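# Architecture at a glance
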Amino acid sequence: MTLTVPNRGAGATARLVRWHTTVQLRSSFRSAEFAVGAMAVPVILYAMFGLPRTGSLLPGGTPVTLAMLVSIACYGVVSLAIFTFGEDVAKERGRGWPRTLAATPLPRWVDLTGRSLTAVVHAALVVGAMAAAAVLLGDVRLPARTWLVLVATLVGGVLAFAPLGFAIAYLARPRAATVIANLVFLPLSFASGFFFPLSELPDVLARVAPWLPTYHFGQLAYRTVLPAEDLTSWTGLAVQPAWVHVAWLVGSAVVLGSVALLAARREAVTRRG
């Protein structure tokens, strides 16, 4: 079915955003890269790193499979943010899409809003798939309210790390964006304890982790399901107030967003000049 751009009129803005989001969602669902890269890989990693620990408990009684669910879900969400807003946008830059978009009636902010809403839907699907694996195979059980809080925290992370993706997209050469995204993302994930708990990693990483926004995202997600005793046992670090982690995420998003905006404006000026 062919989609047509909504005409101007009452409620035109909301219809335009909805239309653009629908287009992007349909495009992504037809892509094998999304099904394999965004959804299958986190589930496979959880099966590799989390499910073998089924039956193990942290000192406070939390199943290790639940802690690993949060860890790998954080990995999946940050990966989605960086590659959706980083690699994909960089490829569009290489094809000249921003220049084409600027010549159409579609406002740039509508494109960014549609992209953000699409990423939120993707993140919800990734977290949902992992939660299903944890319940069916990892013997994870949580009250409905706790599930909602955990899922909302994880899904919100895709917006917190969107500025990092945009910064990579506009600072890297389009052909090098994938390599640079991996060089940034994988060390961040490992050093934040997403693959292995920080308590099992070298002490130097425990000293580096609190300076990383991914670590603070993980801490916010962990604390929705882990009591303080288990959180300390899992990370090997003292529990900090939630506002510290929120401040780190917001601050890093503002800084990276500013860098991305300056880079985008510089490119626009260069293109016009």
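A quick note: this is a predicted structure, and the numbers were derived from the prediction, not measured.

All right, on to the overall build of the protein chain then. A count of helices and strands for the protein chain gives 12 helices and 0 strands. When its helices and strands are written in sequence order, the protein chain yields α-α-α-α-α-α-α-α-α-α-α-α. Here the protein chain, with 273 residues, has 47% of them falling under the buried criterion. A sequence separation of at least 24 residues applies to 76% of the contacts in the protein chain between residues at least 6 apart. When the accessible surface of the protein chain is summed, it comes to about 13500 Å², and 66% of that surface belongs to carbon and sulfur atoms.

Here we come to the nonpolar core. If you look at the biggest cluster of nonpolar residues, it comprises 73 residues, and the most contacted ones within it are Tyr46, Ile72, Ile82, Leu154, Phe217 and Trp234. Counting residues per element, this core draws most heavily on helix 3 (residues 64-95), which supplies 19 residues. Residues within four places of Phe217 in sequence aside, it is in contact with Cys74, Val77, Val78, Thr153, Leu154, Gly157, Phe161 and Leu249.

Along the chain, Val239 turns up in the loop between helix 11 (228-235) and helix 12 (242-272). Along the sequence, Val239 and Ala228 sit 11 residues apart, while their C-alpha atoms lie 6.6 Å from each other. When neighbours within four sequence positions are excluded, Val239 is seen to be in contact with Arg223, Ala228, Leu231 and Thr232.

A few words on the packing of aromatic side chains. Both the distance between ring centres and the angle between the ring planes are used here to describe each pair of aromatic rings. Scanning the entire structure with this criterion turns up 7 aromatic pairs. Through successive ring pairs, a cluster of aromatic residues spans Phe49, Tyr75, Phe83, Phe185, Phe195 and Phe196.

Moving on to helix 6 (residues 144-160). Counted at 1.5 Å a residue, the expected span for helix 6 with its 17 residues is 24 Å, and the 25 Å between its end C-alpha atoms agrees. Residues of helix 6 that are buried include every one of Thr146, Trp147, Leu150, Leu154, Val155, Gly157 and Val158, and no others. One side of helix 6 holds all its buried residues, which, seen down the axis, span an arc of 155 degrees. Exposed side chains of helix 6 directed beyond 90 degrees from the buried face belong to Ala144, Arg145, Leu148 and Ala152.

Another aspect to go through is the packing of helix 3 against helix 8 (residues 177-191). Contact geometry for helix 3 and helix 8: axes closest at 10 Å, N-to-C directions at 165 degrees. Of the possible angle classes, the one that applies to helix 3 and helix 8 is roughly antiparallel. Note that helix 3 runs across helix 8; the crossing there is right-handed. On the side of helix 3, the interface is formed by Tyr75, Val78, Ser79, Ile82, Phe83, Glu87, Ala90 and Lys91, while helix 8 contributes Ala177, Thr178, Ala181, Asn182, Phe185 and Ser189. In terms of residue class, the contact of helix 3 with helix 8 is built from 8 nonpolar, 4 polar and 2 charged.

This part covers the packing of helix 3 against helix 5 (residues 108-137). In contact at an axis separation of 10 Å, helix 3 and helix 5 are set at 150 degrees when each is read in the N-to-C sense. For the element pair helix 3 / helix 5, the angle class is roughly antiparallel. As for the relative orientation of helix 3 and helix 5, their crossing is right-handed in sense. Along the contact surface, helix 3 presents Leu69, Ile72, Ala73, Val77, Leu80, Thr84, Phe85, Val89 and Glu92, while helix 5 presents Arg115, Ser116, Ala119, His122, Ala123, Val127, Met130, Ala131 and Ala134.

Another point: a nonpolar patch on the surface. A contiguous nonpolar surface patch, about 250 Å² in accessible area, is contributed by Leu171, Val255 and Val259. By the secondary structure assignment, Leu171 is in helix 7 (residues 162-171). A residue is classified by how much of its surface remains accessible, and Leu171, at 52% relative accessible area, is exposed.

With that out of the way, let us pick up helix 11. Those residues of helix 11 lying buried are Asp230, Leu231, Trp234 and Thr235. For helix 11, the angular spread of the buried residues around the axis is 120 degrees, confining them to a single face. Contacts from the buried residues of helix 11 go to helix 3 and helix 10 (213-222). Directly beyond the C-terminal end of helix 11, a positive phi value near 75 degrees is found at Gly236.

Conventions and cut-offs
- Residues numbered from 1 in each chain as written.
- Predicted model: local features only at pLDDT ≥ 70, side-chain atom pairs only at ≥ 80, totals over all residues.
- Heavy atoms only, no water.
- Helix = DSSP H or I, 4+ residues; strand = E, 2+ residues; numbered from the N terminus.
- Buried < 20%, exposed > 50% of the residue type's maximum accessible area, 1.4 Å probe, protein only.
- Contact = heavy atoms within 4.5 Å.
- Areas by Shrake-Rupley, 256 points an atom, 1.4 Å probe, with all protein chains shown as cover.
- Core = buried A, V, L, I, M, F, W, Y, C linked by side-chain atoms within 4.5 Å.
- Phe/Tyr/Trp six-rings, centres within 6.5 Å; stacked < 30°, edge-to-face > 60°.
- Expected span 1.5 Å × (residues − 1).
- Arc of directions from axis to C-beta.
- Axes fitted to C-alpha atoms, helices over the stretch in contact; angles between N-to-C directions.
- Parallel < 35°, antiparallel > 145°, perpendicular 65-115°, else oblique.
- Left-handed = near helix turned anticlockwise from the far one by under 90°.
- Nonpolar A, V, L, I, M, F, W, Y, C, P; charged D, E, K, R; others polar.
- Patch = residues over 30% accessible without salt bridge, like charges linked within 9 Å, V, L, I, M, F, W, Y side chains within 5 Å.
- Salt bridge = Lys/Arg side-chain N within 4 Å of Asp/Glu carboxyl O.

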